[in-house]
Amino acid sequence: MVIGHGMVGARLTEEIRRRDPDGERVALSVLGAEPRPAYNRVLLSTVLAGGLGAGMVALPAVPGVDLHVGVAATGIDRVARVVHADDGTTHPYDELVLATGCRAWLPPVEGLGGGEDGVGDGGAPAPGVSVFRDLDDCDRIRAAAVPGARIAVVGGGLLGVEAARGLAGRGVAVTLVHPRTHLMEQRLDAGAGAVLAAALGAAGVDVRCGVTATAWDPATGLDCDDGSRIAADGVVVAAGVRANTALAAEAGLAVDRGVLVDDRLATADGRVHAVGDCAQHTGAAPGLVQSGWEQAAVLADLLTGADPAARYRGTRPVTRLKAAGIDLAALGEIESGDELLRVSDPRGGRYGVLALRDDRVTGAVLIGLPDATATITGLYDSGAPAPEDRLALLLGRAVPPDVAPAAEPARMPGSTVVCRCNTVTKNTLVTTWRAGARDVEALCRRTRAATGCGGCRDAVRGIRDWLERADPAGATGADPAREDAA
Ligand SMILES: Cc1cc2nc3c(=O)[nH]c(=O)nc-3n(C[C@H](O)[C@H](O)[C@H](O)COP(=O)(O)OP(=O)(O)OC[C@H]3O[C@@H](n4cnc5c(N)ncnc54)[C@H](O)[C@@H]3O)c2cc1C
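Residues numbered from 1 in each chain as written. Predicted model: local features only at pLDDT ≥ 70, side-chain atom pairs only at ≥ 80, totals over all residues. Heavy atoms only, no water.

Engineer: What am I meant to see in the overall build of the protein here?
Structural biologist: For the protein, the count of helices and strands is 12 helices and 27 strands. For a compact globule of 486 residues, the expected C-alpha radius of gyration is about 23 Å, and the protein comes in at 23 Å, within 12% of that figure. With the C-alpha coordinates aligned to their principal axes, the bounding extent of the protein is approximately 65 × 60 × 45 Å. Evaluated residue by residue, the protein yields a buried proportion of 49% over its 486 residues. Nonlocal contacts in the protein, meaning residues at least 24 apart in sequence, comprise 58% of its contacts between residues at least 6 apart. (Helix = DSSP H or I, 4+ residues; strand = E, 2+ residues; numbered from the N terminus. Rg over C-alpha atoms; globule rule 2.2 N^0.38 Å. Buried < 20%, exposed > 50% of the residue type's maximum accessible area, 1.4 Å probe, protein only. Contact = heavy atoms within 4.5 Å.)

Shown next as structure tokens:
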């Protein structure tokens, strides 16, 4: 039984049915509190920006699942092994998986709404205020985002930046208020934050860092602690998230920032597991879907018995901004003692920091350097040694023999990971194309490429175009990938 039909709960059911298609080993039932089946939440930023219709984010239905949408679990009885739901039903389980995700956090700012402690559980956002977590939030924000409207975005993390850029692209006058000294401070250093702020400014966003919102009044606007008042018709709050852990805590399970799990994704009760944003594992990158998807694959191996030795050891974080005209990636961690290289070209909108240890890439922040991003991400993923000329690497001019930019599919080794979200290699795309998936949609559907953040869609298209040119008959027996496949 799975509680939560979001990106990771849905992925878990898919992974289980891949291993147990006829349900001979695992019967699956799922409760999902949202009024619709799972959809790709990551793509909501693209929907807000107008790059995708809201109807295009649904995740494929998985057969053989007893799915109850619009039904929330309200309690877990671990002794009787049943889950109670808000429609009065009870659901027995042998194994229980919590995939309840996160909720948006409303900071304790007068007039924004929320509960007594400022957390959004105790009440809805006030009129004119929206958080940005689900499809309904996205619809609400889009409805308010008419050209000429004035919207204040509270919070300059990844979500706030994406929301601000998307709204500006819709012709909205956007002011972004961020209490820290620079944007996305959890992933970027001050130099990168300044280049990002300049890029947002060029896109029409009024960025105000070091400024905290203090009160919202729809009649007058958003007051800030520097004495300024932002005239705004509405507010989008992107001030962070909190894991949905109440069910676990009430059931007596250990909870910190999330539900504590071990390498088997199990809580102290071996029959109760947690995956995705609601889980806390020492190696996971919080708030990134890739961690949850990797956890889902491990748990599916364990629950179906496909691989009883499977363990989740952690995820190497990669953050990519989905904002038109701003190419930004943050990989891994940059730690003191690393070999560091930095280039800063604020005028050209380019900034790069590269961290290496023992000749391997351990972290990077890259803005406006797409070729370097492709090459450095490839090195980071493969763990291959970096070329001697670090500066050429950081400027995107070094192409080591086993890592080539996605723009050159013919030269790209077969083992290159094209889709990081789903670990889809060039070889998998070639094989799938040769098995009959001839257009980009079919390739993505069958391999899952571009179904995460969607950032690799152009690379998939490039590979598909190259295959069509290299082997137009498709079944000639010639293998366009043969020479370079690893
Ligand atoms: C706009 C936006 C952009 C993002 N961009 C990126 C990105 O670029 N890269 C990235 O890695 N991540 C991104 N994320 C984060 C990513 O969406 C999450 O990491 C991912 O959705 C986590 O999946 P999950 O299943 O754990 O949680 P969710 O997808 O939140 O799903 C949890 C589900 O559980 C349901 N639920 C909760 N409590 C109960 C209950 N008691 N009973 C039944 N159901 C319940 C919820 O209603 C929800 O449907 C983004 C998020 C947003 C909002």
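Engineer: Looking at this structure, I do not really get the domain arrangement of the protein. What am I missing?
Structural biologist: The figure often quoted for interface size is the accessible area lost as the parts come together. According to the domain assignment, the protein contains domain 1 (2–101 + 244–304), domain 2 (129–241), domain 3 (327–403) and domain 4 (410–486). Look at where the C-alpha atoms of domain 2 and domain 4 centre, and you get two points 38 Å apart. (Domains from an automatic or database assignment.)

Engineer: What is the right way to read the sheet that holds strand β7 (residues 96–98) from this model?
Structural biologist: Sheet strands associate in pairs through backbone hydrogen bonding, adopting either a parallel or an antiparallel arrangement. The five strands are arranged β3-β2-β1-β7-β19 in an open sheet whose pairing can be described as parallel. The sheet is open, and its two edges are formed by β3 (65–69) and β19 (272–274), each paired on a single side. With two bridges joining them, strand β1 (residues 2–3) and β7 adopt parallel strand pairing. Directly across from Val2, in β7, lies its bridge partner Val97. (Pairing = 2+ DSSP bridges.)

Engineer: Got a minute to help me understand the packing of helix α1 (residues 7–19) against helix α7 (residues 289–304) in this structure?
Structural biologist: Where α1 contacts α7, the two axes come as close as 8 Å, and the packing angle between them is 35°. Crossing handedness for the pair α1 and α7: right-handed. Residues Met7, Val8, Arg11, Leu12, Glu15, Ile16 and Arg19 of α1 lie in contact with α7, whose contacting residues are Val289, Gly292, Trp293, Ala296, Ala297, Leu299, Ala300, Asp301, Leu303 and Thr304. Along the lines of polarity and charge, the residues of the contact of α1 with α7 split into 11 nonpolar, two polar and four charged. (Axes fitted to C-alpha atoms, helices over the stretch in contact; angles between N-to-C directions. Left-handed = near helix turned anticlockwise from the far one by under 90°. Nonpolar A, V, L, I, M, F, W, Y, C, P; charged D, E, K, R; others polar.)

Engineer: Looking at this model, I keep getting lost on the side chain of Ser228. Mind explaining?
Structural biologist: You can see Ser228 is positioned in the loop between β14 (221–224) and β15 (229–230). A polar atom in the side chain of Ser228 sits 2.6 Å from the side chain of Asp226. For Ser228, the contacting residues outside a window of four places in its chain are Arg208, Leu222 and Asp223. (Polar contact = N/O pair within 3.5 Å; in protein donor to acceptor, adjacent residues only side chain to side chain.)

Engineer: How should the environment of Leu302 be read in this particular structure?
Structural biologist: Mapped onto the elements of the fold, Leu302 is located in helix α7. Judged by relative accessible area, Leu302 falls into the partly exposed class, the value being 21%. In the structure, Leu302 is positioned 38 residues away from Arg264 in sequence and 7.7 Å away in space, judged by C-alpha atoms. Once residues within four sequence positions are removed from consideration, Leu302 is found in contact with Arg264, Asp307, Pro308, Ala310 and Arg311.

Engineer: What is the right way to read the site of the ligand from this model?
Structural biologist: Near the ligand lie 31 residues; those nearest to it are Val8, Glu34, Arg133, Val289 and Lys322. At a separation of 2.8 Å, an oxygen atom of the ligand approaches a polar side-chain atom of Arg41. Against a free-state accessible area of 990 Å², the protein chains account for coverage of 91% of the ligand. Those elements that provide at least two residues to the shell around the ligand are α1, β2 (28–32) and α2 (44–49). If you tally residues by element for the shell around the ligand, the top one is α1, at three residues. Partitioning the shell around the ligand into residue classes produces 16 nonpolar, 10 polar and five charged. If you count residues domain by domain, the shell around the ligand takes at least three from each of domain 1 (2–101 + 244–304) and domain 2 (129–241). (Near = heavy atom within 4 Å. Areas by Shrake-Rupley, 256 points an atom, 1.4 Å probe, with all protein chains shown as cover.)

Engineer: How should I be thinking about the confidence of the model for the protein in this particular structure?
Structural biologist: Note: predicted coordinates in regions of low pLDDT should not be interpreted at a detailed level. Mean pLDDT over the protein works out to 90, with 93% of the residues at or above the 70 mark. Note that pLDDT drops below 50 for residues 117–122; the model gives that stretch 15 contacts with residues more than four away or on any other chain. Here residues 475–486 is modelled with pLDDT under 50, and outside its nearest four sequence neighbours on either side it reaches 22 contacts, counting other chains as well. (pLDDT = per-residue confidence, 0-100.)

Engineer: Got a minute to help me understand the packing of aromatic side chains in this structure?
Structural biologist: Aromatic ring pairs are defined here through the distance separating the ring centres and the angle between the ring planes. For the structure on display, the rule yields zero aromatic pairs. A cation sits over an aromatic face here: Arg11 above Trp293, 3.9 Å from the ring centre. Taking NZ or CZ as reference, Arg316 lies 3.9 Å from the ring centre of Tyr380, over its face. (Phe/Tyr/Trp six-rings, centres within 6.5 Å; stacked < 30°, edge-to-face > 60°. Lys NZ or Arg CZ within 6 Å of the ring centre and 35° of its normal.)

Engineer: Would you mind going over the UniProt feature "domain: BFD-like [2Fe-2S]-binding" (unreviewed entry) in the protein with me for this structure?
Structural biologist: The feature "domain: BFD-like [2Fe-2S]-binding" (unreviewed entry), as given by UniProt, occupies residues 417–463 in the numbering adopted here. Strand forms 11% of residues 417–463 and helix 51%; the C-alpha atoms that close the span are 12 Å apart. (UniProt positions renumbered as here; feature names shortened; annotations may be inferred.)

Engineer: Quick question: what am I supposed to make of the packing of helix α10 (residues 426–434) against helix α12 (residues 457–470) here?
Structural biologist: Packed helix pairs are specified by the crossing angle of their axes together with the interaxial distance, meaning the distance between the axes. Where α10 contacts α12, the two axes come as close as 11 Å, and the packing angle between them is 50°. Overall, the two elements α10 and α12 adopt an arrangement that is oblique. Between α10 and α12 the crossing geometry is right-handed. The segment α10 lies against α12, with Lys426, Leu429, Val430 and Trp433 engaging Val460, Ile463, Arg464, Trp466, Leu467 and Glu468. (Parallel < 35°, antiparallel > 145°, perpendicular 65-115°, else oblique.)

Engineer: Hey, could you run me through unusual backbone geometry in this one?
Structural biologist: A negative phi angle is the norm for most residues apart from glycine, just as the trans form is the norm for most peptide bonds. At Met184, a position not held by glycine, the phi torsion is positive, near 45°. Although it is not a glycine, Thr423 sits at a positive phi angle of roughly 50°. Exposure remark for Thr423: the relative accessible area of 53% places this residue in the exposed category.

Engineer: Even after reading the chapter, I still don't get the sheet that holds strand β13 (residues 213–217), so can you show me in this structure?
Structural biologist: Taken together, the three strands give an open sheet; going across it, the order is β13-β14-β15, and neighbouring strands pair in antiparallel fashion. The sheet is open, and its two borders are formed by β13 and β15, each paired with just one other strand. Both β14 and β15 contribute to a ladder of two bridges, which runs antiparallel. In the sheet register, Leu222 faces β15, and the bridge partner there is Ile230.

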